[in-house]
Each structure stands twice: as structure tokens, then as C-alpha cells.
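Architecture at a glance
These are the residues of each chain, in order.
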Amino acid sequence: MNEGAKNPLDRRSFLRCALASGAALGIGGVVKQAAAMPAASASGDNARYIVEAKFYQKLTNSKIKCKLCPRECTVGDKERGYCGVRENRGGTYYSMVHSRVCAAHVDPIEKKPLFHYLPGTVAFSLATAGCNVNCKFCQNWDISQSRPEEIPAQYAPPQRVTELAKQYSCPTIAYTYSEPVVWAEYLMDCADAGHAAGVRSIVVSNGYMQEEALKAAYGKMDAVKIDLKSFTESYYKQVVTGQLKPVLDTLVTLRKMGKWTEIVFLVLPTLNDSDAEFRGLAQWIKANLGADVPLHFTQYHPEYLLKNLPVTPVSTLERAKAIADAEGLHFVYIGNVPGHPAQNTYCPKCRKMIVERVGFVASEMLIKNGKCPFCQQPVPGVWHV
Amino acid sequence: MSAARNGSRRDFLKGTLSGAAFLCAGGALAAQPMAAEVGAAGAKSRVVVARDELLRGSGFTVDAQRMRTLLDRAMLALFNRENSLDAWKKIVHPGERVSLKVNTLGGRGISTNVQLVEALCERLQQAGIKSSDIVIWDRDSAELERAGFSLAIGGDRVQCYGTDRMGYEDELSAYGSVGSRFSKILTQRTDVLINLPVLKDHDGAGVTIALKNMYGVIHNPNKYHPNGCNPYVADLNMLPEIRSRMRLVICDATTAMYEGGPAYKPEFCWPCNSLLLSTDAVALDYTGWQMIERKRAEKGLKSLEAEQRGPSYIITSADDEHRLGHCDSKRISVVEV
């Protein structure tokens, strides 16, 4: 969800993008509704989008318990879970968003951001509606906090997504913008279709999920970016409507699974910007994930329900980076600040610049065979297709 | 739509003189004409429970004529009037656009009855409301149809469609724990909102009646079910889009459900054959909650509180922060007719 913060979109801009995405999918334009007169229903009950959900447990009285994320919603008949995209129908739980794409773009992979995974390539990026948290600063709340029938969407089955990725010369499909955890079934099918055709999969996620779902769904991913939104439970409770501990567990599990993982930490003035929090975060990462995990401190822009805070000062981001550097992390970046030198990658040994970035573009990539060209220090990441 | 326009001069003075309690209620109350009585110190909220044991005759279908009579009887009792038209003129005025927010999640089994809505439309038109200025609505057109309503869009007739036909406002409205986009039917087609919930159990919230029926006017109700919907329901009902428009609640308790909700579970329903009316949604919800508790006790079930799902949002709605109405039985006058 933080990805939107790099290029904040107002609703009008977003709808423009949605229209563009319709064109990208090549399956017709999005129907515009006249506000004055009720239009034909844009809803909702279209069977082609509905598949039985994975990761749930049947209870008595037609209720179910969702086992996708730690929230474990108990959902009665005809109701939906917190995410708004999974519905109980007579005791069977369904995903309402399989192949129901509300946003699709060809993005630089640096926009995710993934800096150590196929730099300079583009990712066929898509989303459905829905999210399992409700961050007060969400940049893409138009889609993440909506039910699928409320927003224009296009039918894009996995095979079509793969074709489009290849058509647009994208080596990866990126599941992003909203929260891919809640459309796990679609993501898994897309990943399978993509892999069969030589297209990889990456996911941009909050990591707020149960271990079984994580292993099954993100086990199919080739790289993962996790939004670690804070390093305190209180922030997760009050600002995110979630919990920190399961996200940390996700990061550790991803590490054990051997998935290439990068972490974004969106810095909000006064809420998660203390030295102690930055230090605790960096120490935890080093101890549990290792010093080579890229950590991106990114700039917040006022949006959604949190508009009363200023844009994060660059000096705050630099302070965060200095603390994380001092704690021994090797790859600490500053994001959402175009032109900042901390967008580049420097060799952890000789400190020379080995990847230069301008905006979302990797303008110079000097790494060869996974090593620094100056001192031959191995640089962790996946650098070439 | 100001208080002065709808409340009598005596009501207004009584409210003004009642002191700090009224003043503390703030500007939002002023927009809701009937709430001035709720805010007045010492004032009681009236909840009418109108019952007709023969509402269905000998069958399952509600008798339209008996429903019309029952509605009239309830309105007369609520407003202490001799003539039902006089009672309706307390609620609506010619030229206003009136929307009827029904509840159709439960299909034909437990939704707002078509017969009630037809009777209501008839009385509204007699009170001077143009047929095309009346909208019957809920979240979804398909759910309306499944509950027995016929969609009607355009022309000089009573309108009937779901929010899926008009969409939601682009901008968020926020209060406390809630940030939501409202149905354009509410914001663009409604001067007066008449809330027409049903009376039923809810697995998470305890009960769902009038206050929670407002989950059907926003785009993201799924975000507000944790913690028994508390304080989300109360916070949502604080928003001026609702408060400035809702003038009356008519709860259709023809069929009520004491367990297993919100989906229709016939084994947990009883023929309550009643309408509950009030201008105080909190008092009505409190009264309905007690009716459900009594039925649960009669059936040998634990109370909702004992099941850890007492509808605490009703209590929150009446607290010092919200002051949306009364949930203290000493401040509710239940009139059975």
C-alpha cells in the first residue's frame, strides 16, 4: 500500500489510471456512470469472479472462521470479512475478486520498491479491491478500502495476465496497490500461470497473514516487499488496525523460506519517528533477518484519514538512515524523495556507488555477476533476468 | 430542515431553557428536529410498539389493509394526534425528498415488508410528497428484488433502487473511529430519511435494528464489525449526513429473529406482528433489544450479554460523547397500542 506514496494519486488521478488499466487489459473501457441518473448496476454478483476461498474453517450455524490473516474473522451467513472481498454464502466462504482487476499498470520495479531484484526492469502490476487492515494514511484507499462491486473492474484471468506481462516485456507480475493477502487465490493462480510461461511473480504486502497462508501463497512468489508500518504494537493498533507481531513472524518465515525480501518503513512525523523506534527496528532486522536485507525509509504524504500531519521532513528520514547504518545494516535507502543520494546502492565494503537511480529508473547498473565491480564484494540480490 | 421549522415554539423554548444538558448536545442536534426532545433534560423518548396479532390473517403474507391500519395507529400514538395526516405532517413537508432506507439482507424471510413500505408511501403522498420524490432504497438492487421490491427508476412514480445504481460520494466523511463514503441516494436524493430496519439478532453486534441499519448507507461496513461494532455504530450515526436527515424510525417487527442473525434463520424467528416507531433511534434500539432478550429467555437461551455479545454500541450511542438518544429505561416511554 505504501507504493502509492511514491506517486500520490488523488481520486481523479486514480480513476484516470483505472481507465488506462482497462486499456492495458485490452478488454474494453470502464463504464462511466452518470451521477444524476441511476445507471445499470455495476455490481457485483458476477459468477466469473467468485471462487471458493482457501484458508478457512467451517463452523456451526453456517458460520465460518477465516484463517487467512491473524484477524480470524468469524463470518456469519451472507456477511463478509473485514477485508470486504470474501463472503460467506450458506456456510461456504468465497473470494469475490478472482480475476477482478481494478488497477493494472506497467511500473518500474523500483516503484514497488524492490531495489535488489531485477533493477531496471518493469513489472506488470495489478490489484483487486480489498485490504485486511485500515491504515489511516493509506494512499490507495479508493481501492483498498472498497468492496469490489463499488469500483470499476476488468476481467483478467491468470492466463490473460501472463500474456499481457509478456506483451509488455515484463519479466515479473507484481501483486500490489491494495493488499494481495486478501486475494490470495487469484495471486496463486496468476503465479502458476506466469511461471509456466517464464514470468516471475513479486508481491507488495503488509505481511499480516497466517503462516499456512503465507507459505502457500507467498511460497509461489519470487520476491517480496513487506510494509513494516511501525515497530510498536500501539501504532499497529491505533493507526493500522492490525498487530505488529504477526508481521515480524512473517518476515522471519520469509527469511527461512529463502525469499528475497525488502522492507519499507513509512515514517510519519510524531507517530513512528523516534530514535528509539528506528534503533529497535534496525537491531531487530539485523538480529533476525541479517544485515543484508534492504530497508527503505519512505516519506509520508497526507492522505485519507491522516491529513493533519506534515510531509515527513527529509532530515527525519536521514536521521533514520543514520541510525540504521550505525546499527550495521548494509542497505538502507530513503524513498519518496526524488534525487536523494540515498536512493542509490553503495557497495557495503568499498562504499562506491554501484547502482544509480533517478526517480524510479535505475540509470546506471554496475553490478556484474552479483559483485561490486570495484572490489568484487558480493552484493546480495537478484540482479539479472 | 431546521429545528425551528419542525419543532413547536413550546418545544423549542423547553429545550432552550433546559440548560447545560441541551446546550452540550451541540449543533448537530439542531439539525435533527425530533432530537431536541431527546436532548432536553428530564425529557423521555417515546417508543410506540403497535401490535396486531391478525396481521397475517391465517396465512404467511402480511395483510396490506391491516398493515396500513397498524401504521396509522402507531403514528397517532407516537405523535398524540387524532388524524394520521396530522401525524405525518410532523415528519415531512411538501417539496421535500423522502427516502426510505429498508433492510433487505434477509431476503423474503426477514426484510422490511413491501406492504409496510406501500402503506408508508401512500401516507407520504397524502401528506404532500410527490411520488417521484420518494425513494425506496438499500445497498444493493438485487437484494431489494430478492426481498420482493420491484425496481423503479425514472418517471412519475415512487423510485426504488440500490446504491449500486448511483454509487458513493467521492469524499470521505469522518467522525471518531469512522471514515466512510456515503451513498449518493442519501446525500443527493434525500431531505428526509425514514429508517425502516427489521428486528433481529446479530452474531457479532448482538442485535441489528435502527442504528446498525445505517451500515447500509456507507461503502465500507465490513471495517466496522470488530468489537461488536462498538463504537463504530455510534460514531457513524454522529455524522451529519445521517443526523440531519433521519426524522423517524419504523422498525418492521412483523417477523423478528432472536438468534442466528443476521441472515434469515426461520428456526429462530417468531411472528412478532409488531411495528416499533420512534424519533429516537437509540431508545427504539434499546426497546427492541429488550424484546429480543425476553424472547431468548422464553426460549431458554442465554442473554446476549452472557454470550459476550451484548449490543454495547447502543449504550455508547447514548453516552456523553454521542448523545444520540436514550438507552435508560427510566427515560424511555414505551407505549403499546
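As the structure is a prediction and not an experimental result, all values here were calculated from the model. (Residues numbered from 1 in each chain as written. Chains lettered and ligands numbered in written order. Predicted model: local features only at pLDDT ≥ 70, side-chain atom pairs only at ≥ 80, totals over all residues.)

1. Looking at the overall build of chain B
Basically, it comes down to this: Strands are runs of DSSP state E lasting at least two residues, helices are runs of H or I lasting at least four, and both sets are numbered from the N terminus onward. Counting other C-beta atoms within 10 Å of a residue's C-beta gives its exposure: the residue is buried at 20 or more, exposed at 12 or fewer, and partly exposed in between, where C-beta atoms are placed from the backbone. Whether two residues are in contact is decided by their C-beta atoms, placed from the backbone, lying within 7 Å.
Summing up its helical and strand segments, chain B has 15 helices and 13 strands in all. Burial status across chain B gives 58% buried among its 337 residues. Taking contacts inside chain B between residues at least 6 apart in sequence as the whole, the part at least 24 apart equals 70%.

2. Comments concerning the confidence of the model for chain A
Residues and elements named next belong to chain A. This is how the line gets drawn: Confidence scores here are pLDDT values: one per residue, from the predictor, ranging 0 to 100.
The pLDDT averaged across chain A works out to 90; a share of 88% of its residues lies at or above 70. Here residues 4-24 is modelled with pLDDT under 50, and outside its nearest four sequence neighbours on either side it reaches 39 contacts, counting other chains as well. In the model, residues 26-42 has pLDDT below 50 throughout and makes 27 contacts with residues more than four positions away in sequence or in other chains.

3. Observations concerning the pairing of strand β13 (residues 223-227) of chain A
All names here are of chain A. Under the convention used in this document: Whether two strands pair depends on DSSP finding at least two bridges between them.
Counting buried positions along β13 gives five out of five residues, so the element sits mostly inside the fold. Neither face of β13 is open: one carries A223, K225 and D227, the other V224 and I226, and all of them are buried. Judged from the four bridges that link them, strand β12 (residues 200-205) and β13 form a sheet pairing that is parallel. Looking at β13, one finds that V204 is bridged to K225.

4. Observations regarding the sheet that holds strand β3 (residues 64-66) of chain A
Residues and elements named next belong to chain A. Taken in spatial order, the three strands of this open sheet run β2-β3-β4, and their pairing is antiparallel. Only two strands of the sheet have a single neighbouring strand rather than two, namely β2 (56-58) and β4 (74-75). Taken together, the two bridges between β3 and β4 define a ladder with antiparallel strand orientation. Across the sheet, the residue bridging to K65 is T74, located in β4.

5. A look at the domain arrangement of chain A
Size of an interface: often given as the accessible area lost when the parts come together. All names here are of chain A. The condition is simple: Note that the domain bounds reflect an automated or database-derived domain assignment.
On domain assignment, one finds that chain A holds domain 1 (2-25 + 100-365) and domain 2 (50-95). Domain 1 and domain 2 are separated by 27 Å when their C-alpha centres are compared. With 19 residues of domain 1 at the contact, the number on the domain 2 side is 15 residues. Counting only elements with at least two residues in the side of domain 1 that touches domain 2, the list comes to α4 (184-196) and α5 (211-217).

6. Comments concerning helix α3 (residues 158-167) of chain A
Residue and element names in this part refer to chain A. Applied cut-off: Picture the helix axis, draw a direction to every C-beta atom, and the arc is the one those directions span.
Along α3, the residues classified as buried are P158, V161, T162, L164 and A165. Across the axial projection of α3, the buried residues extend over an arc of 165°, all falling on one side. At the C-terminal side of α3, S169 shows a positive phi close to 55°.

7. Thoughts on the nonpolar core
Quick reminder of the rule: Working definition: the nonpolar core is a set of buried Ala, Val, Leu, Ile, Met, Phe, Trp, Tyr and Cys residues, joined through C-beta atoms within 7 Å.
F124, V161, L187, F265 and L295 of chain A are the most contacted members of the largest nonpolar core, which totals 105 residues. Sorting elements by how many residues they give to this core places α4 of chain A first, with seven residues. When residues of this core are sorted by domain, at least three fall in each of domain 1 (2-25 + 100-365) and domain 2 (50-95) of chain A. Ranked by size, the runner-up nonpolar core spans 100 residues in total, among them F79, V198, Y286 and I314 of chain B.

8. Some words on the interface of chain A and chain B
Convention followed: Basically, the charged four are Asp, Glu, Lys and Arg, the nonpolar ten are Ala, Val, Leu, Ile, Met, Phe, Trp, Tyr, Cys and Pro, and anything else, Gly included, counts as polar.
Between chain A and chain B, the residue contacts involve 28 residues of the former and 24 residues of the latter. In terms of residue class, the side of chain A that touches chain B is made up of seven nonpolar, eleven polar and ten charged.

9. Points about the confidence of the model for chain B
Residues and elements named next belong to chain B. Averaged over all residues, the pLDDT of chain B equals 89, while 88% of them reach at least 70. Confidence drops under pLDDT 50 across residues 1-37; counting only partners more than four residues distant or on other chains, this segment forms 46 contacts. Among the scores for the predicted complex, ipTM is 0.82 and pTM is 0.86.

10. Examining the packing of helix α8 (residues 275-288) of chain A against helix α9 (residues 314-326) of chain A
All names here are of chain A. Selection rule: Angular values range over 0 to 180 degrees, each being the angle between N-to-C directions of two axes fitted as lines to C-alpha atoms, with helices fitted over their stretch in contact. Angular relationships are summarised with four words: roughly parallel below 35 degrees, roughly antiparallel beyond 145, roughly perpendicular across 65 to 115, and oblique for the angles in between. Each crossing gets its hand from how the near helix is turned against the far one by less than a right angle, where anticlockwise is left-handed and clockwise is right-handed.
Taken N-terminus to C-terminus, the directions of α8 and α9 make an angle of 40°; their axes are 9 Å apart at the nearest point. The orientation of α8 with respect to α9, classified from their angle, is oblique. Between α8 and α9 the crossing geometry is right-handed. Here D275, F278, R279 and A282 of α8 lie close against α9, whose contacting residues are A320, I323 and A324. Split into classes, the residues belonging to the contact of α8 with α9 amount to five nonpolar, no polar and two charged.

11. Regarding the sheet that holds β12 of chain A
All names here are of chain A. Strand order in the open sheet made by the eight strands is β8-β9-β11-β12-β13-β14-β15-β16, with mixed pairing throughout. Two strands lie at the open edges of the sheet, namely β8 (103-108) and β16 (332-335), each paired on one side alone. Across the sheet, the mean angle from the axis of one strand to that of its neighbour is 20°, orientation sign disregarded. Inspection of the sheet shows strand β11 (residues 172-175) paired to β12 by four bridges, in the parallel sense. Bridging across to β12, A174 finds its partner in I202. Each of β11 and β12 is contacted by α4, which is oriented at about 155° to β12, the strand it contacts most. Along the sheet, α9 makes contact with β14 (260-267), β15 (295-299) and β16, crossing β16 at roughly 170°.

12. A look at the pairing of β14 of chain A
Residue and element names in this part refer to chain A. Here is the rule we go by: Here the term right-handed applies to a crossover when the path leading from its first strand over the helix to its second strand runs clockwise, the strands being oriented away from the viewer.
Counting buried residues in β14 gives eight out of eight residues, a clear majority hidden from the surface. Taking every second residue as pointing to the same face, both faces of β14 are buried, with W260, E262, V264 and L266 on one and T261, I263, F265 and V267 on the other. Pairing of β14 with β15 involves five bridges; the strand directions are parallel. The partner of V264 across the bridge, within β15, is H296. Regarding the hand of the β-α-β motif, the stretch spanning β14, α8 and β15 is right-handed.

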